[in-house]
Amino acid sequence: MDLVRHLRYFVVIAEELHFGNAAARLGMAQPPLSQRVKRLEDELGVRLFDRTSRQVRLTGAGRLLLPEARELVARAERIRELMARTVRGDTTSLRAAVPPDLGASVLAALIARFRSGNPDVRLIPTEMGTSDQVDALLGGELDLGVLRHPVAASGLGFGPVLVQHPGVLLREEDELATLATVHLADLAGRELVLPPRALEPGLHDETLAGCRRHGFVPAEVRHAVHGQFTIGLVLAGTAVALGQRADVPGVVWRPLVGSPLAWRISTAWRGEPSEHVAGFADLTTRVLRDDAGMSDEGAPPRTWVAPRPATGFLS
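Notes on the structure follow.

Conventions used here
Residues numbered from 1 in each chain as written. Predicted model: local features only at pLDDT ≥ 70, side-chain atom pairs only at ≥ 80, totals over all residues. Heavy atoms only, no water. Phe/Tyr/Trp six-rings, centres within 6.5 Å; stacked < 30°, edge-to-face > 60°. Helix = DSSP H or I, 4+ residues; strand = E, 2+ residues; numbered from the N terminus. Buried < 20%, exposed > 50% of the residue type's maximum accessible area, 1.4 Å probe, protein only. Lys NZ or Arg CZ within 6 Å of the ring centre and 35° of its normal. 1 Å grid on protein atoms, 1.4 Å probe; cavity = no way out; pocket = protein on both sides within 12 Å on 5 of 7 lines; lining within 4 Å. Points joined across faces, edges and corners; volume = space filled by probe spheres on them. Nonpolar A, V, L, I, M, F, W, Y, C, P; charged D, E, K, R; others polar. Salt bridge = Lys/Arg side-chain N within 4 Å of Asp/Glu carboxyl O. Core = buried A, V, L, I, M, F, W, Y, C linked by side-chain atoms within 4.5 Å. Contact = heavy atoms within 4.5 Å. Axes fitted to C-alpha atoms, helices over the stretch in contact; angles between N-to-C directions. Parallel < 35°, antiparallel > 145°, perpendicular 65-115°, else oblique. Left-handed = near helix turned anticlockwise from the far one by under 90°.

Looking at the packing of aromatic side chains
Inference 1: Counted by the stated rule, this structure contains three aromatic pairs.
Inference 2: Ring centres of Phe19 and Phe49 lie 5.9 Å apart, and the angle between their planes is 75 degrees; on these two criteria the pair is classed as edge-to-face. In this pair, Phe19 sits in helix H2 (residues 19–26) while Phe49 sits in strand E1 (residues 49–51), placing the two residues 30 residues apart along the sequence. No difference in accessibility class separates Phe19 from Phe49, as the two residues are buried.
Inference 3: Every member of this aromatic cluster is reached through a ring pair, and the members are Phe10, Phe19 and Phe49.
Inference 4: Taking NZ or CZ as reference, Arg51 lies 3.7 Å from the ring centre of Phe19, over its face.

Put into structure tokens, the structure is as follows:
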């Protein structure tokens, strides 16, 4: 018996809970599908579905099998894709994702340094929020991610966690722009720009909690994915934003007193990293330290030094 194929049939029926719909989705007739499920049940020695004329339900054994079956089917599909890539001759591709607000110069440095040291590897970069990166890594659609912590996902390996202590971006005319440093509590009553929670749940929640602890409860939280939209809101006087310095006319950046917020980021991968994945992860960590001014978790905050133009987040 082709166990993987029969498990695929089982997964589709479990998702549809309707044999007719499952058969249509699989492109086959219903009677053969029912026969193959019966064969799988005989092979495993359990009943997987309770069927009546009105409904189909998973049994306790079926509910227990479903996540394992999904994993085995996904693994088989990844193996087929890997072999297909081998036939096509493109096994040396590396699919990597970075946050949407990673600075342009940081991304450029990362790509240029990797390609110079790995001319035979096809790097495929994309921008993606943490939630989507986790799904793509677990689903085999990404080889490596650069994501924000905390991350509630099992099955991933992580590189060193680096920390970024954001300051505040203000409109040049803002009264706080005259100060050398700003307390978070000084921002009370202002609106705050953050990435959408659906994309960055950990960063979103930890930032708001940290703001509240230090006396800043935003009047409203506005959401932005890309740095240019964030800058536009700041320039319009609509809100303030948190992040690293952005060299944009009309906007000033000020460090926060005591570095009260810590944004954590690291590389991530699924399973045992290949040589190229491990190399790209190490390079990413170095670039984030050197070009984005991040420090190792647990290290004291770095003294701010005026950066090269457009090297940090939101730049």
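Some thoughts on empty space enclosed by the protein
One water molecule sets the probe size; rolling that probe over the atoms shows where empty space is left.
Inference 1: Summed over all chains, the structure comprises three cavities of 30 Å³ or more.
Inference 2: Taken as a whole, the second largest cavity spans an internal volume of roughly 60 Å³.
Inference 3: Pro99, Pro100, Asp101, Gly129, Arg148, Pro195, Pro196, Leu199, Glu200, Ala224 and Val225 together form the lining of the second largest cavity.
Inference 4: Along the lines of polarity and charge, the residues of the lining of the second largest cavity split into seven nonpolar, one polar and three charged.

What to know about the pattern of salt bridges
Inference 1: Under the criterion given, the structure shown has 19 salt bridges.
Inference 2: Close ionic contact of Asp101 with Arg148 constitutes a salt bridge, the shortest N to O distance being 2.7 Å. One end of the pair, Asp101, is in the loop between strand E3 (93–98) and helix H5 (104–117); the other, Arg148, is in strand E5 (residues 144–149), and 47 residues separate them in sequence. Neither Asp101 nor Arg148 differs from the other in exposure class; each is buried.
Inference 3: Between Arg245 and Asp247 there is a salt bridge whose closest N-O contact spans 3.1 Å.
Inference 4: Given a relative accessible area of 41%, Asp247 falls into the partly exposed group.

Quick look at the nonpolar core
Inference 1: The biggest cluster of nonpolar side chains holds 24 residues, and the ones touching the most others in it are Leu94, Phe114, Leu123, Leu144, Phe280 and Leu288.
Inference 2: Of all the elements in the fold, those that place two or more residues in this core are E3, H5, E5, strand E13 (263–270) and helix H9 (275–290).
Inference 3: Discounting chain neighbours no more than four positions away, the residues touching Leu288 are Leu102, Val106, Val146, Leu162, Ile265, Gly293 and Met294.
Inference 4: In this structure, Tyr9, Phe10, Ala22 and Ala69 belong to the second largest nonpolar core, which totals 23 residues.

Thoughts on the packing of helix H1 (residues 3–16) against H2
Inference 1: Relative orientation of the contacting elements H1 and H2 amounts to 130 degrees, with a least axis distance of 8 Å. It follows from the interaxial angle that H1 and H2 lie oblique. Both H1 and H2 take part in a crossing whose hand is right-handed. Residues Arg8, Tyr9, Val12, Ile13, Glu15 and Glu16 of H1 form the contact with H2, whose own contacting residues are Phe19, Asn21, Ala22, Arg25 and Leu26.
Inference 2: Considered class by class, the residues forming the contact of H1 with H2 number six nonpolar, one polar and four charged.

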